[in-house]
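The primary structure of each chain is shown beneath.
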Amino acid sequence: MFKLILLSLCLGLSNLAFSKSLALSFDDGLDPSTNPQAQKINNDLLDTLKKNNIHAIVFPSISKIGGADGLAIISNWGKQGHRIGNHGNLHLNLAKDSVSLPDYLQDVQEGDKAFSSLQGFVPRYRFPYLKEGNTLEKRDGVRKWLLANNYQSGAVSIDASDWYYNQLFLAYHKENDQESLDKLKPAYISHLLDRASYYDDLALKTLGRSPKHVLLLHVRAINAAWLDDIIYAFNEEGWSFIDSDSAYQDPMYKLQTQTLPAGESILWNIAKIYGVKGLRYPAEDAPYEYENLKKSGLNVVP
Ligand SMILES: [Zn+2]
């Protein structure tokens, strides 16, 4: 009996050590009144998720989706079995001195009012820019509000710069530059895999295990075009996809780290507390990508 227990314990541990799982999250949403592709981009993302049998979570922001038409587009996520969280109204940056705690809490509540009646809604809040406050008062004030309102943080474990690759994607498209698009695709996928591996390594160094990850992406054209390839590449690298509810059950997401300014990926915070050397701030940004893009033969003069 003891041997059996020991064996199952070992198997359990080896599973923990070798299986890497992640949930997909998509931020912002698009405004059909300013982006004629909004509906198509949204549909393409949902179709690819359906084809791959993946349930994701979307975090819309009112200012990003515009009015009722944008909300109708976002509501399709819930109707198709995905989760919908809250990304606020004005996409405020809580690290800025000009953003006060009362204004910020008002903004979170406006998001709640807009999204909480949608099918698939979960009280989960994603901080815009992953900025959780540059003062104790703001950081702890929002945390207190979330707790009092049965909200959980929609934290991210794997941060990346898909928004920047999307800027290049749109620019090359505009110029009908297929040659650059052909180079951008593998560069983008390798960036995402690289970030996943980097944050997973931070977890192994600190928590001693691979957690259930949440990857940050955006509702953007680049992902609508290449999500199928991204999913394929992650599967090839041994990652499996889980839904966001399962991912957020990982106890890692309950940690309230005491860093200031607060924010970035939860694993970045944990690594900071553990004193891991070489952490960047901000953790992810466009300039970090120039080298990867130049190596791929792309011209990236900002
Ligand atoms: Zn956002």
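Quantities reported herein were computed from a predicted structural model and do not represent experimental measurements.

Scoring rules and cut-offs
- Residues numbered from 1 in each chain as written.
- Predicted model: local features only at pLDDT ≥ 70, side-chain atom pairs only at ≥ 80, totals over all residues.
- Heavy atoms only, no water.
- Buried < 20%, exposed > 50% of the residue type's maximum accessible area, 1.4 Å probe, protein only.
- Helix = DSSP H or I, 4+ residues; strand = E, 2+ residues; numbered from the N terminus.
- Pairing = 2+ DSSP bridges.
- Donors = N, O, S within 2.8 Å, 3.2 Å for Na, K, Ca; no water.
- Core = buried A, V, L, I, M, F, W, Y, C linked by side-chain atoms within 4.5 Å.
- Contact = heavy atoms within 4.5 Å.
- Expected span 1.5 Å × (residues − 1).
- Polar contact = N/O pair within 3.5 Å; in protein donor to acceptor, adjacent residues only side chain to side chain.

Our focus in this paragraph is the pairing of strand β7 (residues 212-218). For β7, the tally of buried residues reaches 6 of 7 residues, placing the bulk of the element in the interior. Judged from the 7 bridges that link them, strand β1 (residues 20-28) and β7 form a sheet pairing that is parallel. Its bridge partner being in β7, A23 is matched across the sheet by V214.

To continue, consider the coordination of the zinc ion. Angles at a metal have ideal values that depend on geometry: 109.5 degrees with four tetrahedral donors, 90 or 180 degrees with six octahedral donors. On the protein side, the zinc ion has D28 (OD), H87 (NE2) and H91 (NE2) as donor atoms, found 2.0 to 2.1 Å from it. Along the chain, the residues donating to the zinc ion are arranged with the sequence spacing D-x58-H-x3-H. Accessibility classification places H87 together with H91 in one group, the buried group.

Bringing the nonpolar core into the picture now. Core analysis: the biggest nonpolar cluster contains 87 residues, and L24, F26, W77, Y104, L184, F234 and L293 have the highest contact counts within it. Per-element accounting of this core gives the leading share, 11 residues, to helix α8 (residues 178-206). Apart from residues no more than four positions distant in its own chain, L293 is found in contact with Y164, Y165, L168, L184, A187, L298 and V300.

Take the environment of L24 next. With respect to the element layout, L24 can be found in strand β1. For L24, a relative accessible area of 0% corresponds to the buried category. Separated by 26 residues in sequence, L24 and K50 have C-alpha atoms that sit 13 Å apart. Apart from the residues within four sequence positions on either side, L24 is in contact with L49, I54, A56, I57, L215, L217, L227 and F241.

Time to look at α8. Taking 1.5 Å of rise per residue, 29 residues should cover 42 Å, and α8 covers 42 Å from first to last C-alpha, within 8% of that figure. Of the residues trailing α8, G208 is marked for its positive phi of about 75 degrees.

Right, let's talk about unusual backbone geometry for a bit. Of the consecutive residues L260 and P261, the connecting peptide bond is found in the cis state with omega at -10 degrees. Examined against the element boundaries, P261 turns out to sit in the loop between α10 (244-247) and β9 (262-263). For the bond from Y281 to P282, the omega torsion is -5 degrees, close enough to zero to count as cis. Tracing the backbone through its elements, the reader meets P282 in the loop between α11 (266-274) and α12 (290-295). In this structure, Y129 takes a positive phi of about 60 degrees despite not being glycine. Within the fold, Y129 resides in the loop between β4 (121-125) and β5 (131-133). Taking the relative accessible area as the measure of exposure, Y129 reaches 47% and is therefore partly exposed. With a phi close to 55 degrees, N150 is a non-glycine residue in the positive phi region. Judged by relative accessible area, N150 falls into the exposed class, the value being 65%.

What follows concerns the environment of N86. Relative to the assigned elements, N86 resides in strand β3 (residues 83-86). Distance from N86 to Q106, taken between C-alpha atoms, is 13 Å for residues 20 residues apart in sequence. For N86, the contacting residues outside a window of four places in its chain are F59, P60, V108, G111, D112, F115, F121, R124, Y125, R126 and Y151. A distance of 2.7 Å separates the side chain of N86 from the backbone nitrogen of G88, its partner in a polar contact.

Shape is all these values report; function is a separate question.
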